[in-house]
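Working through the structure, step by step
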Amino acid sequence: MEDKKKRVQKTSRRGFLGQALTAAGTAMAAPSLLDRAAIPKETTQSNKGEVNVKLTVNGEQQTLDLEPRVTLLDALRDRLGLVGSKKGCDHGQCGACTVLIDGQRVYSCLTLAVMQEGKQIVTVEGLAKGDTLHPMQAAFIDNDGFQCGYCTPGQICASVALLDEVKRGCASVVTPNLARPPQLAELSEAEIKERLSGNLCRCSAYNGIVAAVQQVAGQKPPSPAATVMVTEPQEASV
C-alpha cells in the first residue's frame, strides 16, 4: 500500500496530462480504424451515397451520378456546364436561378435534381432555336431590359412562363375580376409587375422588363428612348 502511495505522489502534473492526452488519442483513433476495417475493398460509386439520375434538359437526356441532396441549380451549373441560370441568393429569394420545368417556372436552387426525372427542363440556353433568339430574348434586347445582366436569365424564363400562365387563364392577386382573367392584349403594367415580383433586379431595369413582356404580348410598349428625356440647360441671357 505504501509503495502505491509513493508512485501516485511521484506522478507530476505534466506526466498526468501526457498520459491523459495519449489515452484520448487512442480512443479517438480506434473508431476510425474500426470503420475502415468494416468497409469492403470492392467499394463502388454507389457506396458514396450517389444515385443515378436521368434528366431531360433542353431536349437532351443527361445521365448523372449525384448525391440526393444536390440541387437542380448545382447540377445544371457544375455538372452540365449550363451556367446561364445564376446562383444569386441560393435561398429562393431573388429568382436569378429560375428555369422552366414542364412549362412551370421554378427556382432551381430550391428543388433537388433527383426530383426532376421524367420532366422537361428548359434553361435560358434552351429558349433560342439555333441562332434565332426566343421572342422574349429579343424583346429584352430591344427594350433594354437589363443592365448588369445577372438576373436576366431568370427574368426571361419567368417572363416566358408568365405569358403562358395568362394564356391558360391564370389570375393574380391584382386581377380585378377573377371570373375574367386578363388577356395578353390587355395585360396591365400592374399585372406584369405583380406576376414578376418573385424576380428581383438590383439594377432596377424594371421598366425595360415590363416593356419587353408587353412587346411579346402583342402590345405596343413605350419606346425606351422616350421614357427618359434629357435636356441641356440653357444659359440665362444677360
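Predicted model, so just to flag it, every value in this text is computed and none were measured.

A few words now on the overall build of the chain. Looking only at helices and strands, the chain features 8 helices and 5 strands. Mapped in sequence order, the helices and strands of the chain form the string α-α-β-β-α-β-β-β-α-α-α-α-α. Relative to its full complement of 238 residues, the chain shows a buried share of 33%. Considering only residue pairs separated by 6 or more positions, the chain has 53% of its internal contacts joining residues 24 or more positions apart.

Nonpolar side chains in soluble globular proteins generally cluster together in the buried interior. In terms of nonpolar packing, the biggest core is built from 26 residues, with L127, M136, L162, L163, L196 and V213 touching the most fellow members. Elements supplying a minimum of two residues to this core: helix 4 (135–142), helix 5 (152–167) and helix 7 (206–216). The element contributing the most residues to this core is helix 5, with 8 residues. If sequence neighbours within four positions are ignored, L127 has contacts with L100, V122, H134, Q137, I156, C157 and V160. Of all hydrophobic cores here, the second largest spans 13 residues; its members include L66, L82, I101 and A113.

A few words on the sheet that holds strand 5 (residues 120–122). Pairing within the open sheet is mixed, and its 5 strands lie in the order 2-1-5-3-4. In the strand order of this sheet, the two ends are held by strand 2 (60–66) and strand 4 (104–107), each with one partner. Across the sheet, the mean angle from the axis of one strand to that of its neighbour is 40 degrees, orientation sign disregarded. Pairing analysis gives 2 bridges linking strand 3 (residues 98–101) to strand 5, with the strands arranged antiparallel. Bridge pairing in strand 5 places L100 opposite V122.

What follows is about the packing of helix 4 against helix 7. Direction vectors running N to C along helix 4 and helix 7 enclose 135 degrees, while the axes themselves pass 8 Å from each other. With respect to helix 7, the axis of helix 4 lies oblique. Considering how the two elements wind past one another, helix 4 and helix 7 form a crossing that is right-handed. The residues of helix 7 that touch helix 4, namely those facing P135, M136, A139, F140 and D142, are I209, A212, V213, Q215 and V216.

This next bit is on the pattern of salt bridges. Applying the stated criterion across every chain yields a total of 7 salt bridges. In this structure, E67 and R69 form a salt bridge, with 2.6 Å as the shortest nitrogen-oxygen distance. The salt bridge partner of D74 is K87, with a shortest N-O separation of 2.7 Å. Highlighted residues: D74 in helix 3 (residues 72–79) and K87 in the loop between helix 3 and strand 3, separated in sequence by 13 residues. Overall, K87 belongs to the partly exposed group, its relative accessible area being 31%.

Scoring rules and cut-offs
- Residues numbered from 1 in each chain as written.
- Predicted model: local features only at pLDDT ≥ 70, side-chain atom pairs only at ≥ 80, totals over all residues.
- Heavy atoms only, no water.
- Helix = DSSP H or I, 4+ residues; strand = E, 2+ residues; numbered from the N terminus.
- Buried < 20%, exposed > 50% of the residue type's maximum accessible area, 1.4 Å probe, protein only.
- Contact = heavy atoms within 4.5 Å.
- Core = buried A, V, L, I, M, F, W, Y, C linked by side-chain atoms within 4.5 Å.
- Pairing = 2+ DSSP bridges.
- Axes fitted to C-alpha atoms, helices over the stretch in contact; angles between N-to-C directions.
- Parallel < 35°, antiparallel > 145°, perpendicular 65-115°, else oblique.
- Left-handed = near helix turned anticlockwise from the far one by under 90°.
- Salt bridge = Lys/Arg side-chain N within 4 Å of Asp/Glu carboxyl O.

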